[in-house]
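# Examining the three-dimensional arrangement
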Amino acid sequence: MVSIKAGRKRLLTGAVATATAGLALGAVALSGTANGATDTAEAAEAAKPTVILEHGAFADGSSWNGVIADLRADGYPVVAAANPLRGPASDAAALRTVLDHVKGPKILVGHSYGGNVISEAATDAPEVKALVYVAAFLPAPGESALELTNKFPGSTLPGALDPVTYQQADGSTATDLYIQQDKFHHQFAADLPAGQAALMAAEQRPIAQAALEVKATTAAWKTKPSWDIVTSEDLNIPPVVQRFMAKRAHAHTTEVAASHSVAVSHPHLVADVIERAARATVR
């Protein structure tokens with residue numbers, strides 16, 4: 001866009017000079033060329049799909065800030081949805097309201113537990129052209145996030161959790177899970193500065209314990225092209241589990257030495273994978 005604007009300024013300057021010389025026809029022709037170039041650029045930008053980002057547990061929409069900046073710089077419309085973190089079915093229903101609101105083709109991206117949510121929300125959603133999983137769960141029907149986490153050793157998350165049990169309106173009890181703030185840096189974001197991780201720890205959103213125990217009923221990755229970023233330094237979802245899920249889904253896989261907070265520590269890489277998915281599936 002910068003080069004187009006600069007080119008247009010040069011053309012308009014030329015048009016003024018030509019008009020001063022009395023060649024009005026040449027000025028009109030030059031002006032038309034500038035407008036045509038602008039229209040072409042706007043049409044190309046309008047053709048890009050909307051990227052919808054779904055955060056996971058212990059995070060919020062701000063975890064995508066660096067990714068959003070890159071995508072917008074490249075002309076992609078972006079929405080970072082708010083994930084209630086209550087359970088795959090209700091969270092997917094909330095995400096579908098966003099999908100219904102945004103018109104045109106979409107690329108759906110999920111981090112961590114957000115992978116469970118996009119796998120369900122994208123089922124029977126023809127305008128979702130691709131799925132991108134970022135250090136995420138890709139459950140098959142009948143599997144839960146907790147079951148997948150424990151499928152292979154490597155997660156140290158249970159020892160870092162801070163469970164909070166509370167009474168619900170109907171009198172029953174439920175439990176929310178946080179990560180202990182003094183363990184958040186090591187557990188969730190070891191490749192980020194300590195100060196930044198401390199802010200993320202204070203801002204974290206809890207997930208309902210029950211959400212991690214609910215078994216998936218659908219798996220959109222079975223029918224939609226998928227991309228997967230595997231984080232080899234992840235202490236939440238063991239890398240071996242991530243590789244297992246990516247291989248099973250026949251996903252286009254990128255592996256990076258990063259913590260679970262890869263969207264924060266490696267936003268350029270994450271944005272690049274999303275854009276690759278967009279270019280491959282939306283024409």
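Refer to the structure above for everything that follows.
Cut-offs used in this document
- Residues numbered from 1 in each chain as written.
- Predicted model: local features only at pLDDT ≥ 70, side-chain atom pairs only at ≥ 80, totals over all residues.
- Heavy atoms only, no water.
- Helix = DSSP H or I, 4+ residues; strand = E, 2+ residues; numbered from the N terminus.
- Buried < 20%, exposed > 50% of the residue type's maximum accessible area, 1.4 Å probe, protein only.
- Contact = heavy atoms within 4.5 Å.
- Areas by Shrake-Rupley, 256 points an atom, 1.4 Å probe, with all protein chains shown as cover.
- Pairing = 2+ DSSP bridges.
- Axes fitted to C-alpha atoms, helices over the stretch in contact; angles between N-to-C directions.
- Parallel < 35°, antiparallel > 145°, perpendicular 65-115°, else oblique.
- Left-handed = near helix turned anticlockwise from the far one by under 90°.
- Nonpolar A, V, L, I, M, F, W, Y, C, P; charged D, E, K, R; others polar.

A count of helical and extended segments in the protein chain gives eleven helices and nine strands. The burial tally for the protein chain puts 48% of its 283 residues in the buried class. Of the contacts made within the protein chain by residues no fewer than 6 positions apart, 70% connect residues no fewer than 24 positions apart. If you sum the accessible surface of the protein chain, you get close to 13,000 Å²; carbon and sulfur atoms cover 59% of it.

With that settled, consider the sheet that holds strand β5 (residues 161-167). Ordered in space as β5-β6-β7, the three strands form an open sheet in which the pairing is antiparallel. This sheet does not close on itself; its edge strands, each paired only once, are β5 and β7 (207-208). Bridging between strand β6 (residues 173-179) and β7 involves two bridges; their strand directions are antiparallel. Residue pairing for β7: Leu177 is matched across the bridge by Ile207.

Where helix α7 (residues 181-188) meets helix α8 (residues 194-203), the closest approach of the two axes is 9 Å, and the angle between their N-to-C directions is 120°. Overall, the two elements α7 and α8 adopt an arrangement that is oblique. In the crossing of α7 with α8, the sense of the turn from one axis to the other is right-handed. Between α7 and α8, the contacting residues are Gln181, Phe184, His185 and Phe188 on the first element and Ala194, Ala197, Met200, Ala201 and Ala202 on the second. Along the lines of polarity and charge, the residues of the contact of α7 with α8 split into seven nonpolar, two polar and no charged.

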